[in-house]
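Examining the three-dimensional arrangement
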Amino acid sequence: MNIGEAAKTSGISAKMIRHYESIRLVEPGARSSAGYRTYNDKDLHALRFIKRARTLGFSLDQIRDLLSLWNDTQRASADVKAIALTHVADLEKRIAELSEMRDTLQHLAQTCSGDERPDCPILQGLAQQDGNGKHACHS
């Protein structure tokens, strides 16, 4: 199938497929006699694998490692598990950071009367010192 069909079947745009080929995440599609890229079932499986891994938030480097392990029939499942658990730890850290941001912004919004007065606790909160004793913003 051509790149358009591969894109539709895999859920990855043709532009991203070309990008993945350029960074050697996947092998470039074979070329037809007319010079068009062609893709087979193995290529589609790899593209679907990448799509699912991206959906789960894996980085391109992690996906490269996972693809390598997926293609290695002699792999140890412990190697795959280690990548997954590292990613889980990264996600947990990001979740904690996002939760802290949400809570801070929610608190600042609750302290704001939201009326015509120029006094704004949200802006004052943003201008407060960061954790290093330095002002985050200047008025």
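Note that the structure is a prediction, hence the values are computed from the model and not measured.

Rules used throughout
- Residues numbered from 1 in each chain as written.
- Predicted model: local features only at pLDDT ≥ 70, side-chain atom pairs only at ≥ 80, totals over all residues.
- Heavy atoms only, no water.
- Helix = DSSP H or I, 4+ residues; strand = E, 2+ residues; numbered from the N terminus.
- Rg over C-alpha atoms; globule rule 2.2 N^0.38 Å.
- Buried < 20%, exposed > 50% of the residue type's maximum accessible area, 1.4 Å probe, protein only.
- Contact = heavy atoms within 4.5 Å.
- Areas by Shrake-Rupley, 256 points an atom, 1.4 Å probe, with all protein chains shown as cover.
- Core = buried A, V, L, I, M, F, W, Y, C linked by side-chain atoms within 4.5 Å.
- Expected span 1.5 Å × (residues − 1).

1. Let's talk about the overall build of the chain
For the chain, the helix and strand inventory stands at six helices and two strands. Each helix and strand of the chain, ordered N terminal to C terminal, gives the series α-α-β-β-α-α-α-α. Relative to the globule expectation of 14 Å for 139 residues, the C-alpha radius of gyration of the chain, 23 Å, shows a markedly less compact shape. Considered along the principal axes of its C-alpha atoms, the chain spans approximately 70 × 40 × 25 Å. Across the 139 residues that make up the chain, the buried fraction comes to 21%. Counting only contacts in the chain whose residues sit at least 6 apart along the sequence, the fraction spanning at least 24 positions is 41%. Working note: accessible area of the chain is about 10100 Å², and carbon and sulfur atoms make up 53% of it.

2. Here's the deal with the nonpolar core
Generally speaking, soluble globular proteins have nonpolar side chains that are buried together. Membership of the largest hydrophobic core comes to 21 residues, with the highest contact counts inside it found for Ile17, Leu47, Ile50 and Ile63. Mapped onto this core, the elements with two or more residues apiece are helix H1 (3–10), helix H2 (14–22), helix H3 (41–55) and helix H4 (60–71). Take this core: its biggest share by element is five residues, from H3. Look past the residues within four positions of isoleucine 17 in its chain and what remains in contact with it is Ile3, Ala6, Ala7, Ser10, Ile12, Tyr39 and Leu47.

3. Examining unusual backbone geometry
We note that arginine 24 has phi near 65°; this positive angle belongs to a residue other than glycine. Mapped onto the fold, arginine 24 is located in the loop between H2 and strand S1 (30–31). The exposure class assigned to arginine 24 is partly exposed, which follows from its relative accessible area of 47%.

4. Comments concerning helix H5 (residues 77–111)
Here H5 is 35 residues long and its end C-alpha atoms lie 51 Å apart, about the 51 Å a rise of 1.5 Å per residue gives. Listing the buried residues of H5 in full gives Ile83, His87 and Leu108. Next to the buried residues of H5 lie H4 and helix H6 (121–127).

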